[in-house]
Amino acid sequence: MRNTQFALCFILASFFCGAYGAKITFTNKCPYKVWPGTLTSAQKPQLPKTGFELASGQSDSVDVPSPWEGRFWGRTGCSSNSGKFSCATADCGSGQVACNGAGAVPPATLAELHVEANGGQDYYDISNVDGFNVPMSIAPQGGTGDCKPSSCPANINDVCPPELQMKGPDGKVVACKSACVAFNQPKYCCTEEFNSPDKCKPTQYSEIFEKQCPQAYSYAYDDKSSTFTCFKGPNYTITFCP
Ligand SMILES: *[C@@H]1O[C@H](CO)[C@@H](O)[C@H](O)[C@H]1NC(C)=O
């Protein structure tokens, strides 16, 4: 009986078992090039695409299996100097356009996604916990339930206080560190004695991020308004400069 079920499940996988996962479409609405990066969590195999170039106005897509958990971000100001690829913001340090399992060096805006198996509850968010570099949104398409888009459309670089600024070679602010990234203190990182939602509170710094992008995580335990859910296997659109 079990075997029969498995066989049926295998044959009808795409109809009943949700095994095909989700299509993630990246669109770049910024007036400049962005190099998206992808990172699969939990020691699972990386996606076939871990980094690629996206010109202004372009779209490209990546398929993720189900279940899947990981994150996406956008690198800016990238170039190949003496054959080694690197980026002014959110670099992954691989020396190539592909990140090959390396994550973004903060500060970086992140889109985090958990795709549940069998059409169960997906959840997703935009996070400024590691700071901000580029405006970003994630929106499900299809699926049932809440399924609202989550967006951080503001350019936080424009209001970033001096102690959090990361500047490019021309002196322009290219990214904004979170207080955790800038100062590495438990009260900002929600670690040690601050390691719980009732002990780790918003700070003057997290409130700057929260005010600009209320839908995004502004610090590690800011989850009352920042986690979004959707059921029944939606696809996702990730937009830079939504
Ligand atoms: C997701 O995209 C795939 C491929 O384009 C499509 O076949 C499928 O119907 C889409 N799923 C939903 C829930 O819209």
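Residues numbered from 1 in each chain as written. Predicted model: local features only at pLDDT ≥ 70, side-chain atom pairs only at ≥ 80, totals over all residues. Heavy atoms only, no water.

In the nomenclature of an unreviewed UniProt entry, the chain is known as Thaumatin-like protein of Trifolium subterraneum. UniProt, in the comment section headed Sequence similarities (unreviewed entry), describes the chain in these words: "Belongs to the thaumatin family." (UniProt positions renumbered as here; feature names shortened; annotations may be inferred.)

Draft legend 1. Region of interest: the overall build of the chain. Across its full length, the chain carries five helices and 13 strands. On C-alpha atoms alone, the chain measures out to a radius of gyration of 19 Å, which is about the 18 Å that the 2.2 N^0.38 rule sets for 242 residues. Projected onto its principal axes, the C-alpha coordinates of the chain cover approximately 65 × 50 × 30 Å. When the 242 residues of the chain are sorted by exposure, 43% land in the buried category. As presented, the chain carries roughly 12000 Å² of accessible surface, and 53% of it is formed by carbon and sulfur atoms. Separation of charge centres in the chain, based on 19 positive and 21 negative side chains, amounts to 3 Å. (Helix = DSSP H or I, 4+ residues; strand = E, 2+ residues; numbered from the N terminus. Rg over C-alpha atoms; globule rule 2.2 N^0.38 Å. Buried < 20%, exposed > 50% of the residue type's maximum accessible area, 1.4 Å probe, protein only. Areas by Shrake-Rupley, 256 points an atom, 1.4 Å probe, with all protein chains shown as cover. Lys, Arg positive; Asp, Glu negative; His and termini not counted. Charge placed at Lys NZ, Arg CZ, Asp CG, Glu CD.)

Draft legend 2. Representation of the packing of aromatic side chains. Considering all chains together, one arrives at nine aromatic pairs under this definition. Taking 5.4 Å as the distance between ring centres and 80 degrees as the angle between the ring planes, the aromatic pair formed by Phe-26 and Phe-52 counts as edge-to-face. Of this pair, Phe-26 sits in strand 1 (residues 22-28) while Phe-52 sits in the loop between strand 2 (35-40) and strand 3 (59-64), and the two are 26 residues apart along the sequence. In this structure an aromatic cluster arises from ring pairing among Phe-26, Phe-52, Trp-68 and Phe-72. (Phe/Tyr/Trp six-rings, centres within 6.5 Å; stacked < 30°, edge-to-face > 60°.)

Draft legend 3. Structural detail: the nonpolar core. Residues Ile-24, Phe-26, Phe-72, Leu-113, Ile-238 and Phe-240 are the most contacted members of the largest nonpolar core, which totals 40 residues. Listed in part, the seven residues of the second largest apolar core include Leu-39, Trp-73, Cys-99 and Ala-108. (Core = buried A, V, L, I, M, F, W, Y, C linked by side-chain atoms within 4.5 Å.)

Draft legend 4. Representation of the sheet that holds strand 9 (residues 150-152). Reading across from one edge, 3-1-13-8-9 is the order of the five strands in this open sheet, with mixed pairing throughout. In this open sheet, the two strands that pair with only one neighbour each are strand 3 and strand 9. Here the average twist between neighbouring strands, direction ignored, is 20 degrees. As judged from the six bridges shared by strand 8 (residues 136-141) and strand 13 (residues 235-240), these two strands associate in the antiparallel manner. Across the sheet, the residue bridging to Ser-137 is Thr-239, located in strand 13. (Pairing = 2+ DSSP bridges. Axes fitted to C-alpha atoms, helices over the stretch in contact; angles between N-to-C directions.)

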